[in-house]
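# A look at the structure
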Amino acid sequence: MLDEVLEWLEIKPDGTYVDATLGAGGHSAAIAARLTSGKLISLDQDEQALALAAERLKRFGSTVKLVESSFSRIAEVVQESEIPGVDGVLADLGVSSMQLDQAARGFSFREAGPLDMRMSSGDELTADEIVNQWSEKEIADTLYREAEEHDSRRIARAIVKARPIRDTAHLATVVAGARKQWGRQRLHPATKTFLALRIAVNREVEALGQFLSRTPATLNSGGRLVVLSYHSGEDRLVKRAFQEGEREGTLRVLTRHVIQPKEGEISANPRSRSAKLRCAERVSE
């Protein structure tokens, strides 16, 4: 949803912006290309993403500053950069295609890979620890809480029974065998399980909550916050944070209804089908 992101950010050539989730650098490159005297700070906790994006963005020179950090630390990063306020912030949530396509990262069930799922190699918790060491109840509760997996107890029971789970392919097979079939299946049976594990490993709900609560204070009056989410749990958190900001008089919600990808983009990139965009604007208190 690059076109929609740029439209809602309303980039000013001399403005200051934050790409809170750098990824492969596509959004950052598009933002930087629209700046003249402006600045862009791009964050990512994934050192591999930072290294690849640095090569892609080096043509912009000092216009772009890369910072290894979780987006939950946005307020600290802006303060450490000695910037009084920014004109726009973008957060593209979830896992990037680059991470999904690397079997060694353990995010995908399409190929056998280690049960890792960490976005930052500095974190200690891995999917392997959850799958092979947590209790059946802890696993079931995690699957239901993080991904609304209604077969969570059946899946957790199967995981514990099949231990040790060797890799992502083994886990996907165990989950698929445990899950009930409800009519035509559009998604792989293990989709929600992998989503829940990734969210738990990276403490994504906690990080998103911190990001949403801290970002408004970093914005100049009229500055915009654009968030792309990919599942209902994320979107609910964003929607509620925007509504709360509006009640408190710090934000004005610009997208009364969620913005979704156009049919052409979904055809070209099926992974974009679940994307939801929301935008809010900082108002003077």
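Above: the structure in question.
Remember, it's a predicted structure, so these values are computed and weren't measured experimentally. (Residues numbered from 1 in each chain as written. Predicted model: local features only at pLDDT ≥ 70, side-chain atom pairs only at ≥ 80, totals over all residues. Heavy atoms only, no water.)

## Describing the nonpolar core
We count it as follows: Here, nonpolar core refers to any group of buried Ala, Val, Leu, Ile, Met, Phe, Trp, Tyr and Cys residues whose side-chain atoms link them within 4.5 Å. Each residue is placed in one exposure class: buried if its accessible area under a 1.4 Å probe, protein chains only, is under 20% of its type's maximum, exposed if it is over 50%, and partly exposed if it falls in between. Put simply, DSSP marks the helices as runs of H or I at least four residues long and the strands as runs of E at least two long, and each gets a number from the N terminus on. In this analysis, two residues are considered to be in contact whenever any of their non-hydrogen atoms come within 4.5 Å of each other.
Of all hydrophobic cores here, the largest spans 28 residues; its most connected members are Ile130, Ile159, Ile165, Leu171 and Phe194. Elements with a minimum of two residues in this core: α6 (127-133), α7 (136-147), α8 (152-162), α9 (168-178) and α10 (191-201). The residues touching Ile165, leaving out its near neighbours within four places in the chain, are Leu115, Asp128, Val131, Asn132, Ile159, His170, Leu171 and Val174.

## Focus: the sheet that holds strand β5 (residues 219-229)
Rule in force here: Any two strands between which DSSP finds at least two bridges are classified as paired. Between N-to-C directions, angles span 0 to 180 degrees; the directions come from axes that are lines fitted to C-alpha atoms, helices contributing only their stretch in contact.
A sheet is described by the order of its strands in space; here seven strands give the open sequence β3-β2-β1-β4-β5-β7-β6, paired in mixed fashion. A strand with exactly one partner marks an edge of an open sheet, and here the two such strands are β3 (64-68) and β6 (251-253). Sheet twist, expressed as the mean angle between neighbouring strand axes with direction ignored, is 20°. Bridging between β5 and strand β7 (residues 276-282) involves six bridges; their strand directions are antiparallel. Considered in β7, the bridge of Arg224 is made with Glu281. In the packing of helix α1 (residues 2-9) onto the sheet, the strands contacted are β1 (16-19), β4 (86-92), β5 and β7, and the crossing angle to β5 comes to about 160°. The strands touched by helix α3 (residues 47-57) within the sheet are β2 (39-44) and β3, with β3 carrying the most contacts at an inclination of about 170°.

## Quick look at α9
Note the threshold: Here a polar contact is recorded for every N or O atom pair within 3.5 Å, except that within protein the pair must consist of a potential hydrogen donor and a potential acceptor, and residues adjacent in sequence are included only if both atoms are side-chain atoms.
Along α9, the residues that are buried comprise Thr168, His170, Leu171, Ala172, Val174, Val175 and Ala178. Of the surrounding secondary structure, the elements contacted by the buried residues of α9 are α6, α8 and α10. Of the residues that open α9, the one with a side-chain oxygen 3.2 Å from the backbone nitrogen of Ala169 is Asp167.

## What about the environment of Pro216?
Take Pro216: it is sitting in the loop between α11 (204-214) and β5. Filtering out sequence-adjacent residues up to four positions away, Pro216 remains in contact with Leu251 and Arg282.

## Regarding the pairing of β1
We count it as follows: Convention used here: a crossover is right-handed provided that the path from the first strand, over the helix, to the second strand proceeds clockwise when the strands point away from the viewer.
Taking every second residue as pointing to the same face, both faces of β1 are buried, with Thr16 and Val18 on one and Tyr17 and Asp19 on the other. The sheet contact formed by β1 and β2 spans four bridges and is parallel. When the bridges of β2 are listed, Asp19 appears paired with Ser42. Since β1 and β2 lie parallel, the crossover through helix α2 (residues 26-32) that links them has a hand, and here it is right-handed. Direction of pairing for β1 relative to β4: parallel, over a ladder of three bridges. Considered in β4, the bridge of Val18 is made with Val89.

## Description of the pattern of salt bridges
The following threshold applies: By definition here, a salt bridge exists when the distance from a side-chain nitrogen of Lys or Arg to a carboxyl oxygen of Asp or Glu is within 4 Å.
Scanning the model with the defined rule gives 17 salt bridges in all. In this structure, Glu136 engages Arg157 in a salt bridge whose closest nitrogen and oxygen atoms are separated by 3.8 Å. Taken together, the positions of Glu136 in helix α7 and Arg157 in helix α8 put the pair 21 residues apart, joining distant regions of the chain. A residue is classified by how much of its surface remains accessible, and Arg157, at 47% relative accessible area, is partly exposed. Ionic pairing is found between Arg179 and Glu149, a salt bridge with its closest N-O pair at 2.9 Å. Of this pair, Arg179 sits in the loop between α9 and α10 while Glu149 sits in the loop between α7 and α8, placing them 30 residues apart in sequence. Across the pair, Glu149 and Arg179 agree in class, each one buried.

## Description of the packing of α11 against helix α12 (residues 232-248)
Two quantities define a packed helix pair, namely the angle between the axes and the distance from one axis to the other. What counts is decided by this rule: If an angle is under 35 degrees, it is roughly parallel; if it is over 145, roughly antiparallel; if it lies from 65 to 115, roughly perpendicular; otherwise it is oblique. In this scheme, a crossing is called left-handed if the near helix is turned counterclockwise away from the far one by less than a right angle; it is called right-handed if the turn is clockwise.
Orientation of α11 relative to α12, taken along the N-to-C sense of each, is 20°, at an axis distance of 10 Å. Compared by their axis directions, α11 and α12 come out roughly parallel. For α11 against α12, the interelement crossing comes out right-handed. Contacts from Glu204, Val205, Leu208 and Leu212 of α11 reach α12 at Glu234, Leu237, Val238 and Ala241.

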